[in-house]
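Analysis of the macromolecular model
The chain contents come next:
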Amino acid sequence: MLKSYFFVPATKQKFIDKMPEIEADEFVFDLEDAIAENEIESAFENLENIEGREQYIVRPRLYSSSGKLKNKNLERLIDLGFRRFYIPKAETKQMLDELLNIFNYYDIKDLEWYYLVESPSALMHVKEMALSGKYPFKGLCLGAQDYAANLGMTYSLENINWARHYLLNVAKACNIEAIDMASMVLEDRDLFEKECHQGFQMGYDAKIIVHPAQLKVLQEIEYYNQAEINHAIAINERFDLEKLKDFSIVTIDGLIYERPHIARIKKIIEYLNKKQN
């Protein structure tokens, strides 16, 4: 099952009020694409009234239209107690270093960055950035719509496929959470379900969600077919999976199982337990 990152426009108090009713894994207050420039103060007023701000993630508007870093917006969010940030529009190491200097000045503990890759430049640099270990990357995510626009590409799942795979591999190689892209599909359930299922099969850990209808689909998807589920249940009932993982190779009913096979069976059992709860 894909973990959900549910984006909430920080200007929409009625959406914020509904958060307790929404069973998302994580909430992200959006101060960037979801709101207009002249709504920033309204967004901050809403955020000031939220309790336990350190548990939530925020996506700030970091740069002006000319590309200048808006220090004050970021510093205000830090002063409010936010410690978890989606980082948009920072395409180079120099831009990330500038941001890191601000956070270091505040000596923030348990800082988390969820880095949004939204341009060809960012995609080409992300491997080096992630491997350096310099930045507090908790997750990597493709900002697919912006990436396609910056490339002059017509957006489609097929056209975005290479970038989606590349970023996934960087995240996995660096042991960073791989967060699948946001989707603008709201009414075509089959198309959105296809996108979610595809991301899961590729190996993504999570997905950005922008609407309750999307969250409902994400949580209702059958991520494994019935044959896989029945097989996993049968193996789990007969053997202690925790003990099996200590063996390089085991033979069950004439079939060879290596550690990756046992790990997948265990993952299916964990999925079933989570779904039942």
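What comes next concerns the included structure. (Residues numbered from 1 in each chain as written. Predicted model: local features only at pLDDT ≥ 70, side-chain atom pairs only at ≥ 80, totals over all residues. Heavy atoms only, no water.)

1. Things to note about the packing of aromatic side chains
Remark: the centre distance and the inter-plane angle together describe each pair of aromatic rings, the angle taken between the planes. Scanning the model with the defined rule gives 15 aromatic pairs in all. A ring pair is formed by Phe7 and Tyr86, whose centres lie 5.1 Å apart and whose planes are at 70 degrees; its orientation type is edge-to-face. With a gap of 79 residues between them, Phe7 in strand β1 (residues 3-9) and Tyr86 in strand β4 (residues 84-87) connect regions that are remote in the sequence. Look at Phe29 and Phe82: their rings are 6.4 Å apart centre to centre, the planes differ by 75 degrees, and that puts the pair in the edge-to-face class. Here Phe82 lies in the loop between α3 (71-79) and β4 and Phe29 lies in strand β2 (residues 26-30), a separation of 53 residues in the sequence. Accessibility classification places Phe29 together with Phe82 in one group, the buried group. (Phe/Tyr/Trp six-rings, centres within 6.5 Å; stacked < 30°, edge-to-face > 60°. Helix = DSSP H or I, 4+ residues; strand = E, 2+ residues; numbered from the N terminus. Buried < 20%, exposed > 50% of the residue type's maximum accessible area, 1.4 Å probe, protein only.)

2. Details of the side chain of Glu112
Position of Glu112 among the secondary structure elements: in strand β5 (residues 112-117). Glu112 gets classed as buried once you look at its relative accessible area, which sits at 19%. Polar side-chain contacts of Glu112 include one of 2.7 Å to the side chain of Arg84. One polar contact links Glu112 to Tyr114, side chain to side chain, over a distance of 2.7 Å. Contact partners of Glu112, with chain neighbours within four places excluded, come to Arg83, Arg84, Phe85, Pro136 and Lys138. (Polar contact = N/O pair within 3.5 Å; in protein donor to acceptor, adjacent residues only side chain to side chain. Contact = heavy atoms within 4.5 Å.)

3. Section: helix α8 (residues 189-202)
The end-to-end C-alpha distance of α8 is 20 Å, a good match for the 20 Å that 14 residues give at a rise of 1.5 Å each. Buried within α8 are the following residues: Phe192, Glu195, Cys196, Gly199, Phe200 and Met202. In the stretch just after α8, Gly203 is the one whose phi turns positive, near 125 degrees. (Expected span 1.5 Å × (residues − 1).)

4. Digging into the pairing of β1
Among the 7 residues in β1, 6 count as buried, and that is most of the element. Where β1 and strand β8 (residues 206-209) come together, 4 bridges link them in parallel fashion. Of the residues in β8, the one forming a bridge with Phe6 is Ile209. Where β1 meets β2, 5 bridges bridge the pair, whose relative direction is parallel. Within β2, the residue paired with Pro9 across the bridge is Asp30. (Pairing = 2+ DSSP bridges.)

5. Some thoughts on helix α2 (residues 40-48)
Within the span of α2, buried status applies to Ile40, Ala43, Phe44, Asn46 and Leu47. Around the axis of α2, the buried residues are gathered within 160 degrees of arc, so they sit on the same side. Where α2 is buried, its residues contact α1 (13-17), β2 and α3. (Arc of directions from axis to C-beta.)

6. Points about the sheet that holds strand β3 (residues 57-59)
In a beta sheet, neighbouring strands pair by backbone hydrogen bonds and run either parallel or antiparallel. Taken in spatial order, the 8 strands close into a barrel running β1-β2-β3-β4-β5-β6-β7-β8, and their pairing is parallel. Averaged over all pairs of adjacent strands, the angle between strand axes in this sheet comes to 25 degrees, irrespective of strand direction. As paired elements, β3 and β4 share 2 bridges and run parallel to each other. Each residue of the ladder has a partner; that of Val58, found in β4, is Phe85. Against the sheet, α8 contacts β7 (177-180) and β8, and its axis sits at roughly 150 degrees relative to β8. Along the sheet face, helix α9 (residues 212-220) touches β1 and β8 and points at about 175 degrees away from the line of β1. (Axes fitted to C-alpha atoms, helices over the stretch in contact; angles between N-to-C directions.)

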